[in-house]
Amino acid sequence: AKEILDAITNNIHPDTKLAIFDHISSNYGIILPVEEIIKLCHQRGVKVLIDGAHAPGSLNISMRYIGADFYVGNAHKWLCCPKGCAFLYVNEAHRADIRPLAVSHGYGHGFLSEFSWIGLMDYSSYFALLTVLEFWKHYGTEVVRSYIHSKAREAALLLMKAWGTSLLADINMFGSMIVVALPNGVLGLRGDQLVYDDAEVVQDALYYQYKIEVPIKAIQGKLYVRISFHMYNEMEDYQKLAD
């Protein structure tokens with residue numbers, strides 16, 4: 001976390017007005033210390049927008065605790081809602097300045113009215129959210145979250161042992177997604193200068209030859225696999241990948 005905060009400190013310029021950070025990095029899978037990041041930026045007069053695409057369902061999120069000026073997230077990933085259900089949080093101090101791109105019936109009637117009906121949208125995914133939240137409530141939000149985090153770690157350790165590799169970062173920086181290094185020489189790809197196209201070759205081979213859907217990442221010249229674990233996964237899925 002210190003390295004992340006130091007990098008941000010060294011790259012905030014006097015004319016910086018808005019900083020945008022992931023809550024969970026899609027490429028690296030790591031959970032960023034957003035609370036500390038926001039405090040750091042606010043001390044320098046910089047507003048912060050957090051991209052929480054992978055956070056709802058994977059993390060316990062409190063807008064009051066996080067303290068972001070703006071936060072966006074969606075429900076179709078870890079919450080398992082249909083696509084199209086997402087949210088925008090705007091700190092109350094900024095709501096008078098934020099307008100939707102589409103002007104519709106609610107214009108001039110306050111923040112919620114202006115954003116709640118913005119034209120010809122399909123709202124069915126929002127209606128489905130109520131059922132999705134009941135599902136989480138039935139099984140227990142913390143129970144599910146603890147389960148998928150622990151199983152993700154178990155799967156990552158399985159791959160590390162099978163391949164003799166390591167994680168991209170400390171295991172405590174991950175949640176339900178973990179990034180594990182691939183063994184050198186996969187599909188004949190060797191060296192420390194591997195790029196996106198090399199990752200695509202491996203990802204396509206896994207999908208088309210072995211029916212395994214998993215992202216392969218080229219990070220600092222090396223190849224990694226970003227695994228995820230949810231309620232519907234089984235450890236056999238990761239054993240197949242390991243083999």
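Residues numbered from 1 in each chain as written. Predicted model: local features only at pLDDT ≥ 70, side-chain atom pairs only at ≥ 80, totals over all residues. Heavy atoms only, no water.

Each helix and strand counted, the chain has eight helices and seven strands in total. Taking the principal axes of its C-alpha atoms as reference, the chain extends roughly 60 × 45 × 30 Å. The 243 residues of the chain split such that 43% are buried. Excluding contacts between residues fewer than 6 apart, the proportion of contacts in the chain whose partners are at least 24 apart in sequence is 55%. On the chain, the mean spot of the 21 positive side-chain charges and the mean spot of the 26 negative ones are 3 Å from each other. (Helix = DSSP H or I, 4+ residues; strand = E, 2+ residues; numbered from the N terminus. Buried < 20%, exposed > 50% of the residue type's maximum accessible area, 1.4 Å probe, protein only. Contact = heavy atoms within 4.5 Å. Lys, Arg positive; Asp, Glu negative; His and termini not counted. Charge placed at Lys NZ, Arg CZ, Asp CG, Glu CD.)

Here we come to helix α5 (residues 124-139). Between its first and last C-alpha atoms α5 spans 24 Å; for 16 residues at 1.5 Å apiece the expected length is 22 Å, and the two agree. Roughly 25° is the biggest bend found in α5, and it falls at L130. Of the residues making up α5, those classed as buried are S125, V132 and W136. Positive phi appears at G140, one or two residues downstream of α5, with a value of about 95°. (Expected span 1.5 Å × (residues − 1). Bend = angle between axes of the 7 residues up to and from the residue.)

Another point: the sheet that holds strand β2 (residues 47-52). Where strands meet in a sheet, backbone hydrogen bonds hold them as pairs that are either parallel or antiparallel. Taking strand neighbours across the sheet as the criterion, the four strands line up as β1-β2-β3-β4 in an open arrangement whose pairing is mixed. Each edge of the open sheet is held by one strand with a lone partner, namely β1 (18-22) and β4 (86-90). Geometrically, the sheet is characterised by an average inter-axis angle of 15° between neighbouring strands, direction not taken into account. Bridge count between β1 and β2: five bridges; the pairing is parallel. Pairing of L18 across the sheet is with K47, part of β2. With respect to the sheet, helix α2 (residues 34-43) is in contact with β1 and β2, its orientation differing from that of β2 by roughly 160°. (Pairing = 2+ DSSP bridges. Axes fitted to C-alpha atoms, helices over the stretch in contact; angles between N-to-C directions.)

This part takes up the nonpolar core. Ranked by internal contacts, the top residues of the largest apolar core, which has 65 residues, are F21, C41, L159, V180, V225, I227 and L241. Considering every element that reaches this core, the biggest residue donor is helix α6 (residues 141-163), with nine residues. (Core = buried A, V, L, I, M, F, W, Y, C linked by side-chain atoms within 4.5 Å.)

Two aromatic rings are characterised by how far apart their centres lie and by the angle between their planes. Summed over the entire model, instances satisfying the criterion amount to seven aromatic pairs. Ring centres of Y147 and F229 lie 6.1 Å apart, and the angle between their planes is 80°; on these two criteria the pair is classed as edge-to-face. Of this pair, Y147 sits in helix α6 while F229 sits in the loop between β7 (222-228) and α8 (235-242), and the two are 82 residues apart along the sequence. Judged by relative accessible area, Y147 falls into the partly exposed class, the value being 35%. On the numbers, 5.3 Å between centres and 20° between planes, the contact of F229 with Y238 is stacked. The two residues F229 and Y238 agree in class, both being buried. A network of ring pairs unites the aromatic residues Y147, F229 and Y238 as a single cluster. Cation over ring: R95 sits above F111, and NZ or CZ is 5.8 Å from the ring centre. (Phe/Tyr/Trp six-rings, centres within 6.5 Å; stacked < 30°, edge-to-face > 60°. Lys NZ or Arg CZ within 6 Å of the ring centre and 35° of its normal.)

What is shown is where atoms sit, not what they do.
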